[in-house]
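# Chain and residue survey
So the chains spell out like this:
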Amino acid sequence: MTSWFIADLHLDASRPRVTQLLITFLQQVKGQADALYILGDLFEYWVGDDALDSVHAAHFLPVITRLREVSDSGVALYFMHGNRDFLVGERFAESTGCTLLPEQCLIDLYGTPTLLLHGDTLCTDDVDYQQVRKLFRNPQWQQQFLALSLDERIRQAEAMRMQSRISMQGKAETILDVNQQAVNTALRCMGVSCMIHGHTHRPAVHEFVLDGALMQRVVLGDWHEDKGSFLQVGVGQMKLEC
C-alpha cells in the first residue's frame, strides 16, 4: 500500500477537464491506498461551506461525492488549506470524510518523519503576498467576509483572483519561489529531514545537505487540462509523476 499526495488543482467551473481528470484519478485511488493527502488549493477559490447549498457548488458536487467514496473505501483522506481555499471548513470535512490538517503537519511516512505544508509560508521573499496572507488568515477578517452575501463573496473572490494574477506577472520568478533559509528553518524547527509541499507549481525532488545531514524537499506540481501531478510514496519507494 502507498500514500498519495496532490495539490494545486485549482478546480473551477471554467476548467471542467481538470475536474474530470481528478474524478478519474480518485477512481484509481479508491480502496487502493493507505492515505490521500490534498495539500491545498484544491479549488481556485472557496467562499465558505454554505456555498454547498447554492447553485454555485453544482460543478463541485461530483468531486465531493468522489472524495466521500474514497474515504468510505478505507483510504484515510486529509485536506490542508491552501492560499485559495483557506475557508474550507468542518462541513466540507464532514461531507467528504476528510480530516483537516494544520498549516504545518508532521507525519510518520513509512518510518520517515515528514513535514507537510502547502508551501506558501516558505515564499518569504514575496513580502506583499505574506502581508495579504496574514490578513486572510485573520479570524476577524474571515468572520466579516463570511457575513457578506454569497454573491458578494464570489464577486470579491473573483476580483482578488484577478488582482493576484496581475501581481504575479510583475514579480521575478525567484521571488515567487521558496526561500531556502525559510526551508532550512522549517526543517530545523521540526527536527526532520524531509518535507512535501505544493504552491509553487514547480514539481521536483530537491536534495541538499543541512547541518551535515541529507535533506529532501519534494514539490508537488499543479494540474492542467491534459495532465495531473501526484506523488506516490510507499515503503522504500517514491514516485513524483504526471
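In this report, we go over the structure that sits alongside the text.

Rules of the game
Residues numbered from 1 in each chain as written. Predicted model: local features only at pLDDT ≥ 70, side-chain atom pairs only at ≥ 80, totals over all residues. Heavy atoms only, no water. Helix = DSSP H or I, 4+ residues; strand = E, 2+ residues; numbered from the N terminus. Rg over C-alpha atoms; globule rule 2.2 N^0.38 Å. Buried < 20%, exposed > 50% of the residue type's maximum accessible area, 1.4 Å probe, protein only. Contact = heavy atoms within 4.5 Å. Areas by Shrake-Rupley, 256 points an atom, 1.4 Å probe, with all protein chains shown as cover. Lys, Arg positive; Asp, Glu negative; His and termini not counted. Charge placed at Lys NZ, Arg CZ, Asp CG, Glu CD. Polar contact = N/O pair within 3.5 Å; in protein donor to acceptor, adjacent residues only side chain to side chain. Expected span 1.5 Å × (residues − 1). Arc of directions from axis to C-beta.

On a plain count of helices and strands, the protein chain comes out with 8 helices and 11 strands. The C-alpha radius of gyration computed for the protein chain amounts to 18 Å, which stays within 12% of the reference 18 Å derived for 242 residues, consistent with globular compactness. If you line up the protein chain on its principal axes, its C-alpha atoms span 55 × 40 × 35 Å. For the protein chain, the proportion of its 242 residues judged to be buried stands at 50%. In the protein chain, the proportion of contacts linking residues at least 24 apart, taken out of those at least 6 apart, comes to 67%. Total accessible area on the protein chain stands at roughly 11400 Å², and carbon and sulfur atoms take up 52% of it. For the protein chain, the separation between the mean place of its 20 positive charges and that of its 30 negative charges on side chains is 2 Å.

Turning our attention to the side chain of Gln142. Relative to the elements of secondary structure, Gln142 occurs in helix α5 (residues 139-146). In terms of polar contacts, Gln142 uses its side chain to reach the backbone carbonyl oxygen of Phe136, at 2.9 Å. Among all residues touching Gln142, those that are not within four sequence positions of it are Phe86, Leu87, Phe136 and Arg137.

For helix α1 (residues 16-29), which comprises 14 residues, the first-to-last C-alpha distance of 20 Å matches the rise-based estimate of 20 Å (1.5 Å per residue) to within 8%. Within α1, the full set of buried residues consists of Val18, Thr19, Leu22, Ile23, Phe25, Leu26 and Val29. Within α1, the buried residues cover an arc of 165° as seen down the axis, which keeps them to one side. When the buried face of α1 is taken as reference, the exposed residues oriented beyond 90 degrees from it are Arg17 and Gln28. Close packing links the buried residues of α1 with β1 (3-6), β2 (35-39), α2 (61-72) and β10 (230-234).

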